[in-house]
Amino acid sequence: LARGNFTEAEHWFTRAIESGIDVRGRFLAWRGDALTKLGNPGQAKEAYLAAFLEGPHEVDLESLQSPLIHDLIDSLENEEHNFGAEDLLTWLPVWGWLQGAFALPMKELVVDCAAYVKALDAAHSSRSLPVARLWFDDLRYVEYLRTAFRDDRELLRIRRRMQQSSRFMFERYMEKLRSRL
């Protein structure tokens, strides 16, 4: 990547990720950088999103070349929230969606919504994922309920859970919805 061989770099980062490398977050972010340099912003954003979902603390922020990601981090740091410095990067996927930088991956929901909901509820019960990751997965589900498969009772249940988990992000979410009306 440093030598400007972006196609080769992207290839090797992809191979490392597929091989099951331990620091996936770092390699996903580097892949995002390579894709950005290759002029593939959509795929780059998907790689950055995956990096911050899977290993936010593995991402090498000093070598990260994405102005978009640095701007998202700066804007989140400048907000008045109650996240500790160690949690800030875990919230980047949610913040990125709220700012219009990331799309929500919905394939799992469309393919098997019941399995997705069962796994999501189990993750909430066991607290097996960080709060920010659970919030992001709730966001995916609530947007599915709001836009594709309307279920007002379930929509309300998930929105309450989101509000309880992070009032700050929930308020920003509701602001985004109101601005669309």
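Please refer to the structure placed before this passage.
Residues numbered from 1 in each chain as written. Predicted model: local features only at pLDDT ≥ 70, side-chain atom pairs only at ≥ 80, totals over all residues. Heavy atoms only, no water.

A.B. asks: Help me understand unusual backbone geometry in this model?
C.D. replies: Even without a glycine there, the phi angle at arginine 127 is positive, about 55 degrees. Within the secondary structure, arginine 127 is located in the loop between α7 (113–126) and α8 (131–147). The exposure class assigned to arginine 127 is exposed, which follows from its relative accessible area of 57%. (Helix = DSSP H or I, 4+ residues; strand = E, 2+ residues; numbered from the N terminus. Buried < 20%, exposed > 50% of the residue type's maximum accessible area, 1.4 Å probe, protein only.)

A.B. asks: What should I look at first to understand the packing of helix α1 (residues 6–18) against helix α2 (residues 24–37) in this one?
C.D. replies: Two quantities define a packed helix pair, namely the angle between the axes and the distance from one axis to the other. α2 packs onto α1 with a crossing angle of 155 degrees between their chain directions and a minimal axis gap of 9 Å. Taken together, α1 and α2 sit at an angle that is classed as roughly antiparallel. Taken as a pair, α1 and α2 cross one another with a handedness that is left-handed. Of the residues in α2, those in contact with Phe6, Ala9, Glu10, Phe13, Thr14, Ala16 and Ile17 of α1 are Arg24, Phe27, Leu28, Trp30, Arg31, Ala34, Leu35 and Lys37. Across the contact of α1 with α2, the residue classes tally to 10 nonpolar, 1 polar and 4 charged. (Axes fitted to C-alpha atoms, helices over the stretch in contact; angles between N-to-C directions. Parallel < 35°, antiparallel > 145°, perpendicular 65-115°, else oblique. Left-handed = near helix turned anticlockwise from the far one by under 90°. Contact = heavy atoms within 4.5 Å. Nonpolar A, V, L, I, M, F, W, Y, C, P; charged D, E, K, R; others polar.)

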